[in-house]
Amino acid sequence: MKVFHFSGGHSSAYMTLLYYQDGDIVIFCDTGREDPDTYRFVRDFERVNSIPVVWLSGDWRNDVIRKEKCIPNRFKRKCTINMKIKRARRYLRSIGLFSYTQLVGFRFDEPTRVKSYREYWKKVKTEFPLYNDRIIEAEINLYWIGQFYCLKIAAILKNCDLCFQKGEAAVMVIIQNAPEKADKWIEDEESKELNPKGYTYFKGVTMRELKNRALSLSKVYNLEEMTSKFSCTCHA
């Protein structure tokens, strides 16, 4: 039995289609901060391919901010640890699965993500089949072009919509295109109950300041041209 970590993106979906066998487990860990089209894509993936996906939903503010008494950032990525890695592990233990092989959808053109991956559990073996089989983004994109239910959003919108790993510039462009996406992140930072010490997602700048900057930009930027500043190791 294998455990597939399905992030809700094209790479992990393609991995699942290639290597899934009956009896394997596919897990999607929902942080509650994904783009709505990601949720639509996961539902369509299940329906079209008849592959069951275990949805593990959490509460960003309870599971991360209140529990850790901080706002996550690039150096304290408690969101990934609490809402993806530990949540998936708890679920698997709850169904009696303690030792297994987990598959992560890092590609051959993402060697840094593979090499920097950290093992958390002694009885869990991690494999990167896309990397091992030398599968790159271009091959995956070519496949999804022909699928009617593919993701309809720009690549920068995958994973949590205003994730700090995307960098300030990308986040501002996302806000410029959809200002309402900033509101929940602003509320996180400005809530005295949630964040009494005034932590921020980005060092030296608040989400409200980023929103103000984004809305004052004279040029309208194309989301399709944006890329994340930092590599993300989120996988579940």
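Everything below is about the structure shown above.
Residues numbered from 1 in each chain as written. Predicted model: local features only at pLDDT ≥ 70, side-chain atom pairs only at ≥ 80, totals over all residues. Heavy atoms only, no water.

Engineer: Sorry if this is basic, but what is going on with the overall build of the protein chain here?
Structural biologist: Check the secondary structure of the protein chain and you find 10 helices and five strands. Against the compact-globule benchmark of 18 Å for 236 residues, the protein chain has a radius of gyration of 18 Å, which places it among compact chains. In terms of its C-alpha atoms, the protein chain occupies a principal-axis envelope of roughly 50 × 40 × 30 Å. Pairs at least 24 apart in sequence give 69% of the contacts found in the protein chain among residues at least 6 apart. Carbon together with sulfur atoms contributes 50% to the accessible area of the protein chain, which is approximately 11900 Å² in total. (Helix = DSSP H or I, 4+ residues; strand = E, 2+ residues; numbered from the N terminus. Rg over C-alpha atoms; globule rule 2.2 N^0.38 Å. Contact = heavy atoms within 4.5 Å. Areas by Shrake-Rupley, 256 points an atom, 1.4 Å probe, with all protein chains shown as cover.)

Engineer: What is the right way to read the layout of surface pockets from this model?
Structural biologist: A water-sized probe rolled over the atoms picks out the places where empty space is left. As a volume, the largest pocket reaches approximately 810 Å³. Forming the boundary of the largest pocket are 33 residues, of which Arg107, Glu110, Arg113, Lys158 and Asn159 lie nearest the centre. Counting only elements with at least two residues in the lining of the largest pocket, the list comes to helix H1 (10-19), helix H5 (111-115) and helix H7 (137-145). Looking at the lining of the largest pocket, its residues break down into 10 nonpolar, 17 polar and six charged. (1 Å grid on protein atoms, 1.4 Å probe; cavity = no way out; pocket = protein on both sides within 12 Å on 5 of 7 lines; lining within 4 Å. Points joined across faces, edges and corners; volume = space filled by probe spheres on them. Nonpolar A, V, L, I, M, F, W, Y, C, P; charged D, E, K, R; others polar.)

Engineer: I'm lost on helix H3 (residues 60-68) in this one. Help?
Structural biologist: The periodicity of an α-helix, 3.6 residues per turn, causes residues three or four positions apart to be oriented the same way. Inspection of H3 places Trp60, Val64 and Ile65 among the buried residues, and these make up the whole buried set. Taken down its axis, H3 places every buried residue within 75° of arc, on the same side. Put simply, Asp59 is the residue that caps the front of H3, since its side-chain oxygen is 3.0 Å from the backbone nitrogen of Arg61. Backbone geometry just after H3 places Lys69 at a positive phi near 55°. (Buried < 20%, exposed > 50% of the residue type's maximum accessible area, 1.4 Å probe, protein only. Arc of directions from axis to C-beta. Polar contact = N/O pair within 3.5 Å; in protein donor to acceptor, adjacent residues only side chain to side chain.)

Engineer: Would you take a moment to explain the sheet that holds strand E5 (residues 124-127) for this structure?
Structural biologist: Remark on secondary structure: sheet strands pair via backbone hydrogen bonds, oriented parallel or antiparallel. Pairing is parallel across the open sheet formed by five strands, whose spatial order is E3-E2-E1-E4-E5. Two strands bound the open sheet, and with one partner strand each, they are strand E3 (54-57) and E5. Ignoring strand direction, the axes of neighbouring strands in this sheet form an average angle of 30°. In this structure, strand E2 (residues 25-30) lies alongside E3, joined through four bridges in parallel fashion. In the strand pairing of E3, Ile27 is matched with Val54. (Pairing = 2+ DSSP bridges. Axes fitted to C-alpha atoms, helices over the stretch in contact; angles between N-to-C directions.)

Engineer: Explain the environment of Tyr131 to me, please; I cannot follow it from the model alone.
Structural biologist: With respect to the helices and strands, Tyr131 occurs in helix H6 (residues 129-132). Overall, the relative accessible area of 23% leaves Tyr131 in the partly exposed class. Separated by 17 residues in sequence, Tyr131 and Val114 place their C-alpha atoms 7.9 Å apart. Setting aside chain neighbours within four positions, we find Tyr131 in contact with Phe106, Arg107, Phe108, Pro111 and Val114.

Engineer: So what exactly am I meant to see when it comes to the pairing of strand E1 (residues 2-5) here?
Structural biologist: The side chains of a regular strand alternate between both faces of the sheet. Across the two faces of E1 the burial is the same, with Lys2 and Phe4 and Val3 and His5 all buried. Remark: the E1/H1/E2 crossover connection has right-handed handedness. (Right-handed = clockwise from strand over helix to strand, strands pointing away.)

Engineer: What exactly am I supposed to notice about the packing of helix H9 (residues 183-190) against helix H10 (residues 207-215) here?
Structural biologist: Each pair of packed helices can be summarised by the angle the axes make with each other and by the distance between the axes. The contact between H9 and H10 brings their axes to 8 Å, and the two run at 145°. Within the contact between the two elements, H9 uses Asp183, Trp185, Ile186, Glu189 and Glu190 and H10 uses Met207, Arg208 and Lys211. Across the contact of H9 with H10, the residue classes break down as three nonpolar, no polar and five charged.

Engineer: Honestly, the packing of aromatic side chains in this entry has me stumped. Any pointers?
Structural biologist: Where two aromatic rings form a pair, the distance of their centres and the angle of their planes describe that pair. Tallied over the entire structure, the rule returns 20 aromatic pairs. Measuring from ring centre to ring centre gives 6.1 Å for Phe4 and Tyr20, while their planes differ by 55°; the resulting arrangement is tilted. Of this pair, Phe4 sits in strand E1 while Tyr20 sits in the loop between H1 and E2; the two residues are 16 residues apart in sequence, bridging distant segments of the chain. With relative accessibility at 0%, the residue Phe4 sits in the buried group. Residue Tyr20 is classed as buried on the basis of its relative accessible area, which comes to 17%. (Phe/Tyr/Trp six-rings, centres within 6.5 Å; stacked < 30°, edge-to-face > 60°.)

Engineer: How should I be thinking about the environment of Pro72 in this particular structure?
Structural biologist: Mapped onto the secondary structure, Pro72 falls in the loop between H3 and helix H4 (78-94). The spacing of Pro72 and Cys160 is 88 residues in sequence and 13 Å in space, taken between C-alpha atoms. Once residues within four sequence positions are removed from consideration, Pro72 is found in contact with Trp60, Val64, Ile65, Lys78, Cys79, Phe164, Thr200 and Tyr201.

Engineer: Sorry if this is basic, but what is going on with the side chain of Thr31 here?
Structural biologist: With respect to the helices and strands, Thr31 occurs in the loop between E2 and helix H2 (36-49). What makes Thr31 buried here is its relative accessible area of 3%. A polar side-chain atom of Thr31 sits 3.2 Å from the main-chain amide nitrogen of Arg33.

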